[in-house]
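# Notes for the structure review
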Amino acid sequence: MSDQIKTIGVLTSGGDAPGMNAAIRAVVRKALSNGVSVKGIKRGYAGLLAEEIFEMGRRDVSDTIQRGGTILGTARCLEFKEEEVQAQAAEICKKHGIDGIVVIGGDGSYRGAQALARHGINTIGIPGTIDLDIACSDYTIGFDTAVNTAMQAIDKVRDTSSSHERCSIIEVMGRNAGYIALWCGIANGAEDILLPETYDYNEQNIINNIIQNRKKGKKHHIIINAEGIGHSTSMARRIEAATGIETRATILGYMQRGGSPTCKDRYYASIMGAYAADILCEGKSNRVVAYRHGEFTDFDIEEALNMEKKIPEYQYLVSKTI
Ligand code: ADP
Ligand code: F6P
């Protein structure tokens, strides 16, 4: 452990994700066990600027591991992109005796962490997003819960869709990333999967597919549409007009971001939280924790942000075949 690090802060930023509380809990308890004090920062970078900072003890994270959302609250704080605001935030950290911060969030939040590191505050990021779109990590906190919530909801829509012999377009979250759509597409046995990364916007192909399947006697036709493509309701109207088959759109929305985290999310979040606290207490900075090729590891933030994540081609092909 570094004797320079006496107090660390922890915050959650960007979209919340089930499992963030397990990560906060692990950061707090691991740091305390390393002899380092912990301060909680409410509402992400917005709360840091407003100095919503409080001392955290072991008991402050009791009874939180099973809870969805984030006990610290989160925010999108656009002004944090400004250089002077970042400098001001670093001064606030120094004023509160905060030597380093664990930032739990997505790649936007990592940019904020990188800025704080530039201003002399040690930072470690943890991948917290339901979107699975952090290139350096095979796993992001919240994805497992979100994808299971979506899968269960889609099963239910499928029941009623089959009974009524309808076509259903089900929109799942993912503004820029199609991982929830891909996983649900495979796990729910959807007939069509539309991902922002691969969709060619050729609706005629979908229409032909629906007509052919109906001829073969299929009672339902499930289309999983990612939020990044959107327009599910107007797409449903066009498909109904072209096929003559009743077509409904269901937008799953924010239910996917809530709820009690799965075992996997609690477990990975706990290990990542502890890992982040340990490397921050060792004096490391400007790094992000990742799970890659079966191991917990860490990367330089710039390197992590420059890495590219693509929809795995074989997995996408499988989704189209089965
Ligand atoms: P996520 O962290 O889930 O990707 P956002 O992209 O909304 O979510 O980013 C969360 C927050 O991180 C933003 O509201 C802002 O406070 C901060 N942030 C995002 N981009 C930058 C940037 N380029 N520089 C500094 N801070 C940033
Ligand atoms: O947390 C990630 C995410 O859920 C994306 O899938 C989605 O596009 C975005 O957040 C929506 O966030 P909000 O509506 O809260 O800004």
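As a starting point, this report considers the structure included with it.

A separate point is the environment of Phe 143. As for its placement among the helices and strands, Phe 143 is situated in helix α5 (residues 143-163). Overall, the relative accessible area of 5% leaves Phe 143 in the buried class. Leaving out residues up to four positions away in the same chain, Phe 143 has contacts with Thr 129, Ile 130, Asp 131, Leu 132, Tyr 179, Ile 180, Trp 183 and Asp 265.

On to the pairing of strand β5 (residues 122-127). Burial runs high along β5: 6 of the 6 residues are buried. Pairing between strand β4 (residues 100-105) and β5: 6 bridges, direction parallel. Its bridge partner being in β5, Val 103 is matched across the sheet by Gly 125. Where the polypeptide runs from β4 across helix α4 (residues 107-118) and back to β5, its parallel neighbour, the crossover connection is right-handed. Here 2 bridges tie β5 to strand β10 (residues 287-292), and the two strands are oriented parallel to one another. Across the sheet, Ile 124 pairs through a bridge with Arg 287, a residue of β10.

What counts and what doesn't
Residues numbered from 1 in each chain as written. Chains lettered and ligands numbered in written order. Predicted model: local features only at pLDDT ≥ 70, side-chain atom pairs only at ≥ 80, totals over all residues. Heavy atoms only, no water. Helix = DSSP H or I, 4+ residues; strand = E, 2+ residues; numbered from the N terminus. Buried < 20%, exposed > 50% of the residue type's maximum accessible area, 1.4 Å probe, protein only. Contact = heavy atoms within 4.5 Å. Pairing = 2+ DSSP bridges. Right-handed = clockwise from strand over helix to strand, strands pointing away.

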